[in-house]
Amino acid sequence: GLMSGMVVSNEPGYYEDGAFGIRIENLLLVKEVATQHNFGGQSFLGFDRLTFIPIQAKMIHVELLSQREMEWIDAYHAQVWERISPRLAEDEKTLDWLKSNTRPLLEQCSPGTQSVSDAVPLQSVSAAVPLNSLVSDAVPLQSVSDVLPLQSVPVPRPQASDATSEVQTEAQKSETSAQETETDTAEQTETQKAFPQGTKVKVVQPVVVYHVPKSKGQGRNLEGLTGEVTDVIGEWNGSHISANAPIKARFQMEEGDNTVSVVVHLADFEVEKV
């Protein structure tokens, strides 16, 4: 589960197999927030945005957006301008690029409007804007690609008439898929060998669960508890899967005067054999 102080990525995307993919990604800081109401006396979690970069308007069909969605984008761009523009005061070219790309969405998408985003190469922007000026000083990123705006790059689709090329593409995709499945299966087999059914394991990392019957709404940390492996998940409905937490284990926990049994899915690095 999420805990205050964690950093997560918010990355809505759309992908067409073998054609192209689009993803808009921001990093978020998880924090506790004050709300008018709560459940069981527990506070809620919210997010603070850590990365600030304009969303490319030329990727957007405004006719598909609601008024509320357009207002959200405009508010976000206003925040980007407020946070980033003071850092670019001595770089007129990049400041102009930022100003153009944080204008109201309808203004950016109006027919015949000249956008600075078309005139300023991506390379010049990335060279002119230090990475730490695009994100919170508290969270340095490792890759400029995490924060720079996406560019429209046309990807040619296979032509129906080019049967040979299309067959080769499908064969390559099948081969890649088979290789990935083989790798995942090998990793899964290693986990199954290391943690066979019935193995006693101890939780060695902070793992907070919220499904203990009488403690719902209150996290219970399993670190230090000893339990028993009941399964290692490698298939679902007859298909191979690569689970992030493949080890299924059962733990006994005290609940007042009673002892309850709780089943948890864990990653291999979260447990050790005892």
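First things first, this report covers the structure right here in the doc. The shown structure was predicted, so the numbers you read here are calculated from the model rather than taken from an experiment. (Residues numbered from 1 in each chain as written. Predicted model: local features only at pLDDT ≥ 70, side-chain atom pairs only at ≥ 80, totals over all residues. Heavy atoms only, no water.)

Side note on the overall build of the protein chain
Helix and strand counts for the protein chain come out as six helices and 14 strands. Considering only residue pairs separated by 6 or more positions, the protein chain has 51% of its internal contacts joining residues 24 or more positions apart. A total accessible area of about 17,700 Å² is found for the protein chain, and carbon and sulfur atoms account for 51% of it. (Helix = DSSP H or I, 4+ residues; strand = E, 2+ residues; numbered from the N terminus. Contact = heavy atoms within 4.5 Å. Areas by Shrake-Rupley, 256 points an atom, 1.4 Å probe, with all protein chains shown as cover.)

Some remarks on the side chain of Thr199
Topologically, Thr199 is positioned in the loop between helix H6 (163-194) and strand S6 (200-203). At a separation of 2.6 Å, a polar atom in the side chain of Thr199 contacts the main-chain carbonyl oxygen of Pro196. For Thr199, the residues in contact, after removing those within four places along its chain, are Gly227, Glu228, Val229 and Lys273. (Polar contact = N/O pair within 3.5 Å; in protein donor to acceptor, adjacent residues only side chain to side chain.)

Some remarks on the nonpolar core
In globular proteins that are soluble, nonpolar side chains generally tend to be buried together. Grouped together as the largest cluster of nonpolar side chains are 18 residues, with contacts concentrated most on Val203, Leu222, Val264, Leu266 and Val271. For this core, the secondary structure elements donating two or more residues are S6, strand S9 (226-232), strand S12 (247-255) and strand S13 (258-266). When neighbours within four sequence positions are excluded, Val271 is seen to be in contact with Phe195, Val201, Lys202, Val203, Val204, Ile247 and Leu266. One finds Phe52, Ala57, Val62 and Ile84 within the second-largest nonpolar core, a separate group that totals 15 residues. (Core = buried A, V, L, I, M, F, W, Y, C linked by side-chain atoms within 4.5 Å. Buried < 20%, exposed > 50% of the residue type's maximum accessible area, 1.4 Å probe, protein only.)

Looking at the sheet that holds strand S5 (residues 44-49)
The three strands lie next to each other as S1-S4-S5, forming an open sheet whose pairing is antiparallel. The open sheet terminates on both sides in strands that have one partner only, identified here as strand S1 (7-10) and S5. Strand after strand, the sheet turns through a mean of 45 degrees between neighbouring axes, direction not considered. By the bridge criterion, six bridges tie strand S4 (residues 26-33) to S5 in an arrangement that is antiparallel. Each bridged residue has a counterpart across the sheet, and for Glu32 the counterpart in S5 is Leu45. (Pairing = 2+ DSSP bridges. Axes fitted to C-alpha atoms, helices over the stretch in contact; angles between N-to-C directions.)

Focus: the environment of Lys248
Within the element layout of this structure, Lys248 appears in strand S12. Apart from the residues lying within four places of it in its own chain, the contact partners of Lys248 are Glu228, Val229, Thr230, Asp231, Ile233, Val263, Val264 and His265.

Structural notes on helix H1 (residues 67-84)
End to end, H1 covers 26 Å across 18 residues, agreeing with the expected 26 Å (1.5 Å per residue, within 8%). Those residues of H1 lying buried are Met70, Ile73, Tyr76, His77, Val80 and Ile84. The arc that holds every buried residue of H1, seen down its axis, measures 125 degrees, which confines them to one face. With respect to the buried face of H1, the exposed residues turned more than 90 degrees away are Gln67, Arg68 and Glu82. For H1, the secondary structure elements touched by its buried residues are S4, S5, helix H2 (92-100) and helix H3 (105-108). (Expected span 1.5 Å × (residues − 1). Arc of directions from axis to C-beta.)

Points about the pairing of S9
The pairing of S6 with S9 spans three bridges and is antiparallel. For Lys200, the partnering residue across the bridge sits in S9 and is Glu228. Pairing between S9 and S12: five bridges, direction antiparallel. Note on S12: the bridge partner recorded for Gly227 is Phe251.

Here we look at a nonpolar patch on the surface
Together, Leu2, Met3, Met6, Leu45 and Phe47 make up an exposed nonpolar region whose accessible area comes to about 420 Å². Within the secondary structure layout, Phe47 lies in strand S5. Under the relative-accessibility criterion, Phe47 is labelled partly exposed at 45%. (Patch = residues over 30% accessible without salt bridge, like charges linked within 9 Å, V, L, I, M, F, W, Y side chains within 5 Å. Salt bridge = Lys/Arg side-chain N within 4 Å of Asp/Glu carboxyl O.)

Concerning the side chain of Gln108
With respect to the helices and strands, Gln108 occurs in helix H3. Within the structure, the side chain of Gln108 is placed 3.3 Å from the backbone oxygen of Asn101, a separation counted as a polar contact. From its side chain, Gln108 meets the backbone oxygen of Arg103 in a polar contact 2.8 Å long.

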